Amino acid sequence: MSRLDYIFAARPMLHLPGWSIFLVALHYHHQLSGDRFSLEDLLVLLGITCMTAGAMYLNQVFDKESDAINQKLGYVSNGIISEQKMMRAFFLISGVGLAIGYLISFVTAAIFIVAFLLSWLYSAPPFRLKDRPFLGLFANGFSIGFLISIAVMPDLNLHNAGLLGWDNPFYFGLVVSATYCLTTIPDISGDTATGKRTIAVASSPRFAALLSTLLYATATYLAYRSGYSVLAVLSGYALCLAIWYLVTPSMKAVLIATKIPILILSGLAAYFYPAYFVFMIVMIWLTHLYYKRRFNLNYPSLR
């Protein structure tokens, strides 16, 4: 179990948005380029996984107080993994991700370096972008939405940039930012108690939801104008859920508004790449089995 702890401390379920964004963006890129899923694409996805895992490790080290107040199963806050071991895991897995990026291309290496720096600036003092309302919003949208979606093209340059479909990176950046706004609402009590200034803390849950609707609406318009009708429907549905929270504010409404769009996006990625569906089912089953046996918790859950 102690070895498995490091795997699940990387929060594999929280990798779903990044994996799904990469695969959906990759599908639309391949429509333009005529390419198919390759070993290089798989290596980029592995590198993204390593960089994301490192960010999850680092976040738990510097968020142990708020994790305890918000009753989150933080591996550091609950004493399951020490701070020193978690930091070693952060540098190790991030180093592996950076090495993969270096082996693939200069562009991929640059993307992973920026992601590494952002993960540090996001969680570690004195910067702690996650505790700054709009800088935290930008860091999430840029790293998870924009950077991951441009990582589908390791050989990006001035001559072939048109094959990327530049509307996609901006679309995903907006959608991730909108979702981030809503995720700050459930954690408002713990974040307030520990001095964090997220969007919801610095303003109000209603303002966070209003900003989310604006970002979702902009993303929907961008996708519709660019001819990505499926993406327009996805963000349009997420927009409706955010409006639902505004009309009937409740914890249930905000949790549904943050989780359902991710499930739909993951379903879209699985439609484009059926092997991803099998992978998700196996991962969810193993995650449920681990949490049930390790902590007697029913996780993952929509509640």
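Above this text is the structure in question.
Residues numbered from 1 in each chain as written. Predicted model: local features only at pLDDT ≥ 70, side-chain atom pairs only at ≥ 80, totals over all residues. Heavy atoms only, no water.

Caption draft 1: Up close: the packing of helix α12 (residues 229-247) against helix α13 (residues 251-272). α13 packs onto α12 with a crossing angle of 170 degrees between their chain directions and a minimal axis gap of 8 Å. Viewed along their axes, α12 and α13 adopt a mutual orientation that is roughly antiparallel. Between α12, through Val230, Leu231, Leu234, Tyr237, Ala238, Leu241, Ala242, Trp244 and Tyr245, and α13, the contact on the second element is made entirely by Ala253, Val254, Ile256, Ala257, Ile260, Pro261, Ile264, Leu265 and Leu268. Looking at the contact of α12 with α13 residue by residue, the class counts come to 18 nonpolar, no polar and no charged. (Axes fitted to C-alpha atoms, helices over the stretch in contact; angles between N-to-C directions. Helix = DSSP H or I, 4+ residues; strand = E, 2+ residues; numbered from the N terminus. Parallel < 35°, antiparallel > 145°, perpendicular 65-115°, else oblique. Contact = heavy atoms within 4.5 Å. Nonpolar A, V, L, I, M, F, W, Y, C, P; charged D, E, K, R; others polar.)

Caption draft 2: Molecular detail of the packing of helix α1 (residues 2-9) against helix α3 (residues 39-62). The N-to-C vectors of α1 and α3 enclose an angle of 100 degrees; their axes lie 9 Å apart at closest approach. By the angle between their axes, α1 is roughly perpendicular relative to α3. Along the contact surface, α1 presents Tyr6, Ile7 and Ala9, while α3 presents Met56, Tyr57 and Gln60. Each residue belonging to the contact of α1 with α3 can be placed in one class, and the counts come to five nonpolar, one polar and no charged.

Caption draft 3: Up close: helix α8 (residues 167-183). Helix length check: α8 (17 residues) gives 25 Å between terminal C-alpha atoms against 24 Å at 1.5 Å per residue, within 8%. Most of α8 sits inside the fold, with 14 of its 17 residues counted as buried. (Expected span 1.5 Å × (residues − 1). Buried < 20%, exposed > 50% of the residue type's maximum accessible area, 1.4 Å probe, protein only.)

Caption draft 4: View of the packing of aromatic side chains. In this structure the tally under the stated criterion is 22 aromatic pairs. Here the aromatic rings of phenylalanine 8 and tyrosine 290 are separated by 4.1 Å at their centres, their planes lie at 10 degrees, and the arrangement is stacked. With phenylalanine 8 in helix α1 and tyrosine 290 in helix α14 (residues 274-295), this pair connects stretches of sequence that are 282 residues apart. Judged by relative accessible area, which is 8%, phenylalanine 8 ranks as buried. For tyrosine 290, a relative accessible area of 4% gives the class buried. With a centroid separation of 5.3 Å and 75 degrees between ring planes, the pair formed by tryptophan 19 and phenylalanine 279 is classed as edge-to-face. With a gap of 260 residues between them, tryptophan 19 in helix α2 (residues 16-33) and phenylalanine 279 in helix α14 connect regions that are remote in the sequence. (Phe/Tyr/Trp six-rings, centres within 6.5 Å; stacked < 30°, edge-to-face > 60°.)

Caption draft 5: Representation of the pattern of salt bridges. For the coordinates displayed, the defined rule picks out eight salt bridges. In this structure, arginine 225 engages aspartate 167 in a salt bridge whose closest nitrogen and oxygen atoms are separated by 3.8 Å. Linking arginine 225 in helix α11 (residues 205-225) with aspartate 167 in helix α8, this pair joins segments that are 58 residues apart in sequence. Take arginine 225: its relative accessible area is 51%, and that puts it in the exposed class. A salt bridge links aspartate 191 to lysine 196; its shortest N-O distance comes to 3.9 Å. Just as aspartate 191 is buried, lysine 196 falls in that class too. (Salt bridge = Lys/Arg side-chain N within 4 Å of Asp/Glu carboxyl O.)

The values reported here are purely geometric and, on their own, carry no functional implication.
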